[in-house]
Amino acid sequence: MTLLAVHDLVVARGGLRTVEGVSFSLAPGQALILRGPNGIGKTTLLRTIAGLQPPVGGGIEMAEDAVAYAAHADGLKGALSVAENLAFWAQVFGGGGIEAALSAMALEPLADRPAAALSAGQKRRLGLARLLVARRPLWVLDEPTVSLDAASVLRFADMMRGHLSEGGAALIATHIDLGLDARILDLTPFRAQGITPSRPAGFNEAFA
Amino acid sequence: MIALLRRDLRLAVRAGGGFGLGVAFFLILCSLVPFGVGPDSGALQPIAPGILWLGALLACLLSLDRIFALDHEDGSLDLLATSPLPLEGAVAIKALAHWITTGLPLIVAAPLFGILLHLPAGAIPSLLVSLLVGTPALSMLGAFGAAVTVGLRRGGLLLSLLVLPLYIPTLIFGTEMIRRGQQGGDAATPLLFLAGITAGVLAVIPFAAAAALRVNLR
């Protein structure tokens, strides 16, 4: 059984192919860490798998509504308190367990504070706590540890281990070592060859 | 969906949310007009329906760009797109929240502003009904414009240029209905057109706006 299977995937950003020919699969309990230099297309690949943009080629197989996506922006409303922000996402995703999510990221003392008054690292912790209330099996994370301090990184790694041990899976783009038992996929060999814009099919014929 | 509606309403009411901004703008517009054209009822009465509807259009326009821009900036829109909520539903809910925070206060305040413009008391019911039936279309068309321009810097001006022409049919039939109410004519025909426009917009626009959002999220 696999949660996510990717075959020969080609993704593009702004009409330019970034990586091509990427294949991997994730079973419950597995984590895959994406590596590669800036601009190779880690974020584009993650957004494609999260369903925010269509792939240019290849296939993505996974159950519907399996992905919880977390990127650089945490989707927080400054006028709402920490607990209200979490409660909103819990309702949208049909999840729950706000208390547990708050304590996993050590946010209980901040629960009633408006999100606008949080530091960058605290906002990040709230953004990661959202993953717990979303109750999705596949976490797709883009640089999850940005602006976290060392203690919070450890706490996040613990949360990640808990998720994996409960049968979840994770796809993470990160440059730091989380101390997880995870495979590493370096995207450098998959860099797209030739910088030709991927035009829609039939474009050349129409203008020939 | 209810959660999204509640969040949007709560955000609008809290500091910096802009609740009541539309009504305040409407009030200022309606009180400026008598200064501009003179306070005698002979000059004001014929233009009152047009001024009231133009005020409603512009007041509605003020807060349109917030419908999606703020959610796009803080990443909520990406998360909503990956949530179990269909994007079409999210568009409809956000347009509804916009209508509750902008359109509904306008409707409640409109009779007062009608008096400022010397609108006869007999025309007040048709003013209320025309706004009640017409303003949902304004919010929904605005949501479409906001979806098309989301992610653009200074998208607000482009949004106005895109959306205002789409408001023309609602404006025509809305003012016509008040005018007929004023003169004691049959207001049913403009009302039916107004309701038809609103119904069509409510049925089609969520899909168009969601498609525009999907393109803009890429």
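All chains use their own residue numbering, which begins from 1 and follows the written sequence. Just so you know, chain letters begin at A and ligand numbers begin at 1, following the order they were written in. Reporting in this predicted model follows two pLDDT cut-offs: at least 70 for local features of residues, and 80 or more for side-chain atom pairs to be given and counted; totals over whole chains, interfaces and linings ignore these cut-offs and use all residues.

### Details of the sheet that holds strand β3 (residues 31–35) of chain A
Residues and elements named next belong to chain A. Going by this rule: Pairing between strands is defined by DSSP: at least two bridges between them are needed. Under the scheme used here, helices are H or I runs from DSSP no shorter than 4 residues and strands are E runs no shorter than 2 residues, and both carry numbers assigned from the N terminus. Axis angles are defined between N-to-C directions and span 0 to 180 degrees, where every axis is a line fitted to C-alpha atoms and, for a helix, only to the segment in contact.
Across the sheet, which stays open at both edges, the 5 strands sit in the order β5-β6-β7-β3-β8 with parallel pairing between neighbours. Edge positions in the sheet fall to β5 (67–70) and β8 (183–186), since each has one partner strand and no second. Taking the axes of each pair of neighbouring strands and ignoring which way they run, one obtains an average angle of 15° across the sheet. Where β3 meets strand β7 (residues 169–173), 4 bridges bridge the pair, whose relative direction is parallel. Within the sheet, the bridge partner assigned to Ala31 lies in β7 and is Ala170.

### Some words on the UniProt feature "transmembrane region" (unreviewed entry) in chain B
Residue and element names in this part refer to chain B. To keep things clear, this is the line we draw: UniProt positions are given in the numbering used here, feature names are shortened, and annotations may be inferred rather than shown by experiment.
As recorded in UniProt, the feature "transmembrane region" (unreviewed entry) lies at residues 12–37, 43–64, 96–117, 123–150, 157–178 and 190–213. The distance from the first to the last C-alpha atom of residues 43–64 is 32 Å, and the span holds 91% helix and 0% strand. The distance separating the terminal C-alpha atoms of residues 123–150 is 39 Å; by composition the span is 93% helix and 0% strand.

### A word on the domain arrangement of chain A
Residue and element names in this part refer to chain A. Our working rule: All domain edges in this entry derive from an automatic or database-based domain assignment. A pair of residues counts as a contact when their C-beta atoms, built from backbone coordinates, are within 7 Å of each other. Throughout this entry, Asp, Glu, Lys and Arg are counted as charged residues, while Ala, Val, Leu, Ile, Met, Phe, Trp, Tyr, Cys and Pro are counted as nonpolar. The remaining residues, Gly among them, count as polar.
Here the domain parsing of chain A yields domain 1 (1–66 + 139–152 + 165–208) and domain 2 (76–136). Here domain 1 and domain 2 have C-alpha centroids that lie 26 Å from each other. Across the boundary between the two partners, domain 1 contributes 8 residues, which contact 7 residues of domain 2. Residues of the side of domain 1 that touches domain 2, tallied by class, amount to 5 nonpolar, 2 polar and 1 charged.

### Side note on helix α2 (residues 21–37) of chain B
Residue and element names in this part refer to chain B. Applicable threshold: To estimate how far a helix should extend, the number of its residues minus one is multiplied by 1.5 Å. With C-beta atoms placed from the backbone, the exposure class of a residue follows from how many other C-beta atoms lie within 10 Å of its own: 20 or more, buried; 12 or fewer, exposed; in between, partly exposed. What the arc covers is the set of directions going from the helix axis to the C-beta atoms.
When the terminal C-alpha atoms of α2 are compared, their 25 Å separation across 17 residues agrees well with the 24 Å that a helix rising 1.5 Å per residue should span. Restricting attention to buried positions, one finds in α2 the residues Gly22, Val23, Phe26, Cys30 and Val33. Projected down its long axis, α2 shows its buried positions confined to an angular sector of 100°, all on one face. Opposite its buried face, α2 presents the exposed residues Ile28, Ser31, Leu32, Phe35 and Gly36, each directed more than 90 degrees away.

### Brief notes about the pairing of strand β6 (residues 138–142) of chain A
Residue and element names in this part refer to chain A. Our working rule: A crossover counts as right-handed when, viewed with the strands pointing away from the observer, the path leading from the first strand over the helix to the second turns clockwise.
For β6, the tally of buried residues reaches 5 of 5 residues, placing the bulk of the element in the interior. Burial of β6 is two-sided: the residues Leu138, Val140 and Asp142 facing one way and the residues Trp139 and Leu141 facing the other way are all buried. Here β5 pairs with β6 via 4 bridges, running parallel. Counted as the bridge partner of Tyr69 is Val140 from β6. The handedness of the β6 to β7 crossover, carried by helix α5 (residues 150–165), is right-handed.

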